[in-house]
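Structural overview
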Amino acid sequence: MAGELTLSPFLSDALVILGAAGIVIPVFARFRITPIIGFILIGVLVGPFGLGSLVERIPWLYYITISDPESLTPFADFGIVLLLFAIGLELSFNRLWQMRKLVFGLGALEVLVSGSALALFVGLASDLSFTAALALGFALAFSSTAIVLPISGTRTPVGRAALSMLLFEDIMIVPIIFILGALAPNAQADGWESLIATLWQGALVIAVLLVVGRLALPRLFAQAARTKNPELFLAASLLVVIGASLATALVGLSPIVGALIAGLLIAETEYHTEVELIMEPFKGLALGVFLITVGMSINLLEISADLGVYALAVVGVLSFKALVTGLSLRLMGARRGTAAETGVLMASPSETTLIVLAAATSALVLDTETAQFWQTVTAIGLTITPLLAKLGAVIARRVDGVTPLGVEEHGGDGRTIIVGGGRVGRLVADMMQTHGKPYVMIDSNPDLVEVAQREGYRATFGDAARRGTLARLGVEDAPAVVLTMDEPVLAQRLVTKLRQNYPDLLIVARARDTDHAAAMYRAGASHAVPETLEASLQLSEAVLVDIGVAMGPVIASIHAKRDEFREQLERDGGLSEKPRLKSATLRERGA
């Protein structure tokens with residue numbers, strides 16, 4: 001029939017996922033619970049072991065369940081790719097170089113010790129062969145990048161420690177999978193040759209990406225920024241991350257390696273803040289899909305039948321990994337609270353565990369029944385990771401006797417944020433540098449940012465009016481925000497938003513005239529400086545003195561005129577006292 005809509009399985013699943021996101025995110029945010037748990041529970045509910053098992057008896061459940069869980073795998077994988085891309089954006093090559101001891105020291109120590117110890121521990125308990133125990137031990141040694149980093153961040157002491165270990169784990173995925181293939185009973189002699197070929201080809205591709213990226217990305221994003229078209233900026237971002245991921249995947253490396261490199265390259269440009277904000281919703285939705293697939297793999301009936309065995313396996317693995325990771329951190333010099341919290345957070349298995357288990361099963365290293373058991377244990381571990389984060393924070397407080405602060409890298413006292421990179425913004429920045437005060441300048445005009453950076457200013461590209469931009473620059477810790485752009489409506493809206501979100505923030509705004517200054521005060525500005533007023537008064541002073549009027553009467557008349565405007569601003573701006581338009585100069589105080 002004309003106009004009849006056929007709801008295909010793909011469309012039905014997409015609607016379920018979007019509906020889940022629309023329910024989970026606001027509901028869990030309302031109760032201040034991470035949506036990670038919500039997405040996993042949705043997966044349990046709508047998956048093949050939940051309501052999906054009842055579709056044959058209750059047909060209408062088809063419309064609210066996932067009919068083909070396997071079809072979601074590419075979207076889940078893309079979510080992890082976007083997550084690694086976002087991690088790269090938060091880093092930089094300079095910061096990564098600074099972390100090299102953590103990545104190749106702490107990361108290597110954690111993976112090798114955890115993998116070997118778990119292989120011995122699980123192998124003895126399960127009576128597995130040496131190869132099977134080794135495969136299972138290293139599979140369980142991995143921790144979840146997709147869940148841990150959104151919880152810990154990358155800038156706190158816990159986040160930096162977790163990031164260093166997770167980065168090394170991501171590097172180790174490819175060699176571990178190749179080694180499993182080489183150790184398989186039916187392995188061919190070319191297993192090691194394939195590994196070597198993949199490594200040198202991967203190194204070549206990474207080198208090409210680094211060179212081409214440094215040359216091409218600033219020009220690409222500069223062109224996108226000049227169009228002031230968010231869709232074009234998004235298209236350029238997706239092109240970069242997908243292209244880099246495909247390049248590494250084609251030579252046998254994980255696509256997440258390419259995504260991480262793409263993020264690192266963009267982090268070196270002044271456009272990284274804008275790219276982060278544009279990609280955030282897509283990353284969140286794709287990560288939600290991945291978490292739903294994790295939930296769909298949990299069979300509650302199977303778990304309830306052997307609850308004691310599953311509980312023992314989960315608790316044993318979590319406790320063992322927490323102990324090994326915590327001790328490794330202490331050996332590397334971390335404080336007790338950081339070691340304890342990171343150890344507990346990193347204790348659960350990973351989505352990568354599922355990949356390694358699948359590779360070990362296909363290589364006949366592990367039997368199917370054993371792999372399925374540990375896949376369920378992994379899914380349970382992923383589900384309770386947010387709870388482990390809470391437990392780790394509690395343990396850290398008890399160990400240290402204080403609450404971990406996790407101060408951001410921009411510093412506990414923060415830096416002044418200057419919105420606008422024109423002549424006024426640069427003048428304010430000059431005064432900040434003169435008096436040794438930290439600052440960061442942001443502007444949505446790439447040409448102004450380029451000029452400011454060339455002249456030595458600390459400037460970055462971004463739209464201050466876009467949600468989250470100023471938060472990423474550390475506005476919560478900023479001593480002040482200075483609005484210098486010559487856009488009255490935008491400035492007023494920004495003042496209103498800042499005052500609503502940060503009631504105690506010092507907001508100093510440039511105003512065109514007294515009427516605009518009054519409007520800025522009504523919007524919530526701490527100080528609004530009308531540039532036309534001060535310019536007019538200085539012009540009047542210059543001409544009066546030069547045509548022969550005595551300095552004393554001129555200064556007195558300027559004081560009087562300024563007081564008139566102060567009274568007008570007090571009245572029109574709804575203030576409780578007269579605003580301070582200009583501090584007295586030495587000449588005025590001496591008059």
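Anyway, here's the lowdown on the structure attached to this text.

Reading the values: rules and limits
Residues numbered from 1 in each chain as written. Predicted model: local features only at pLDDT ≥ 70, side-chain atom pairs only at ≥ 80, totals over all residues. Heavy atoms only, no water. 1 Å grid on protein atoms, 1.4 Å probe; cavity = no way out; pocket = protein on both sides within 12 Å on 5 of 7 lines; lining within 4 Å. Points joined across faces, edges and corners; volume = space filled by probe spheres on them. Nonpolar A, V, L, I, M, F, W, Y, C, P; charged D, E, K, R; others polar. Buried < 20%, exposed > 50% of the residue type's maximum accessible area, 1.4 Å probe, protein only. Helix = DSSP H or I, 4+ residues; strand = E, 2+ residues; numbered from the N terminus. Pairing = 2+ DSSP bridges. Phe/Tyr/Trp six-rings, centres within 6.5 Å; stacked < 30°, edge-to-face > 60°. Core = buried A, V, L, I, M, F, W, Y, C linked by side-chain atoms within 4.5 Å. Contact = heavy atoms within 4.5 Å. Salt bridge = Lys/Arg side-chain N within 4 Å of Asp/Glu carboxyl O. Right-handed = clockwise from strand over helix to strand, strands pointing away. Axes fitted to C-alpha atoms, helices over the stretch in contact; angles between N-to-C directions. Patch = residues over 30% accessible without salt bridge, like charges linked within 9 Å, V, L, I, M, F, W, Y side chains within 5 Å. Areas by Shrake-Rupley, 256 points an atom, 1.4 Å probe, with all protein chains shown as cover.

Within this structure, the stated rule accounts for one cavity of 30 Å³ or more. The computed volume of the largest cavity comes to approximately 30 Å³. Forming the walls of the largest cavity are Met 485, Asp 486, Glu 487, Pro 488, Arg 510, Ala 511, Arg 512, His 516 and Glu 531. In terms of residue class, the lining of the largest cavity is made up of three nonpolar, one polar and five charged.

Moving on: helix α23 (residues 514-523). Of all ten residues in α23, eight are buried; the element is thus mostly enclosed. Taken together, the buried positions of α23 are occupied by Thr 514, His 516, Ala 517, Ala 518, Ala 519, Met 520, Tyr 521 and Ala 523. In the segment just after α23, Gly 524 is the residue with positive phi, at about 125°.

Counting buried positions over the five residues of strand β2 (residues 439-443) gives five, a clear majority of the element. Burial of β2 is two-sided: the residues Tyr 439, Met 441 and Asp 443 facing one way and the residues Val 440 and Ile 442 facing the other way are all buried. Of the strand pairs in this sheet, strand β1 (residues 416-419) and β2 are connected by four bridges, and their pairing is parallel. Each residue of the ladder has a partner; that of Val 419, found in β2, is Ile 442.

Tallied over the full model, the rule gives six aromatic pairs. Geometrically, the ring pair formed by Phe 221 and Tyr 271 is stacked, given 6.4 Å between the ring centres and 25° between the ring planes. Here the residue Phe 221 occupies a position in helix α9 (residues 191-226), and Tyr 271 occupies one in the loop between α11 (255-267) and α12 (272-296), the gap between them amounting to 50 residues. Pairing Phe 373 with Trp 374 gives two aromatic rings, centres 5.2 Å apart and planes at 90°, and the pair type is edge-to-face. Trp 374 matches Phe 373 in its accessibility class, with the two residues each being buried. Taken together, the ring pairs in this structure connect Phe 221, Phe 233 and Tyr 271 into an aromatic cluster.

Formed by 124 residues in total, the largest nonpolar core has its most connected members in Phe 85, Phe 221, Phe 233 and Trp 374. The residues contacting Phe 233, other than those within four sequence positions of it, are Phe 221, Ala 224, Ala 225, Tyr 271, Glu 274, Val 275, Ile 278 and Phe 461. In this structure, Ala 464, Met 485, Leu 498 and Ala 509 belong to the second largest nonpolar core, which totals 27 residues.

Further remarks concern the pattern of salt bridges. Here the structure, examined in full by the defined rule, presents one salt bridge. Among the ionic pairs, Glu 455 bridges to Arg 426, the shortest N-O distance being 3.8 Å. With Glu 455 in the loop between α20 (446-454) and β3 (459-461) and Arg 426 in helix α19 (residues 423-434), this residue pair connects regions lying 29 residues apart in the sequence.

Moving on: the environment of Leu 265. Of note, Leu 265 is situated in helix α11. Looking at Leu 265, the relative accessible area reads 6%, which means it is buried. Apart from residues lying up to four places away in sequence, Leu 265 is in contact with Phe 93, Leu 209, Leu 210, Gly 213, Arg 214 and Leu 217.

Residues Thr 416 and Ile 418 point to one face of β1 and Ile 417 and Val 419 to the other, with burial holding for every one of them. For the crossover from β1 across α19 to β2, the handedness is right-handed. Two strands pair when backbone bridges link them, and β1 and strand β4 (residues 480-483) are joined in this way by three bridges, in the parallel orientation. Residue pairing in the sheet places Ile 417 in a bridge with Val 481 of β4.

Quick look at the sheet that holds β1 now. A sheet is described by the order of its strands in space; here six strands give the open sequence β3-β2-β1-β4-β5-β6, paired in parallel fashion. In this open sheet, the two strands that pair with only one neighbour each are β3 and β6 (527-530). Averaged over all pairs of adjacent strands, the angle between strand axes in this sheet comes to 20°, irrespective of strand direction. In this fold α20 packs onto β2 and β3, with an angle of close to 155° to the strand it touches most, β3. Sheet strands touched by α23: β5 (506-511) and β6. Its angle to β6, the strand with the most contacts, is close to 170°.

A grouping of Ile 196, Trp 200, Leu 204, Val 208, Val 211, Val 212 and Leu 215 is seen on the molecular surface, where their side chains present a nonpolar patch of about 710 Å² in accessible area. With respect to the helices, strands and loops of the structure, Leu 204 is situated in helix α9.

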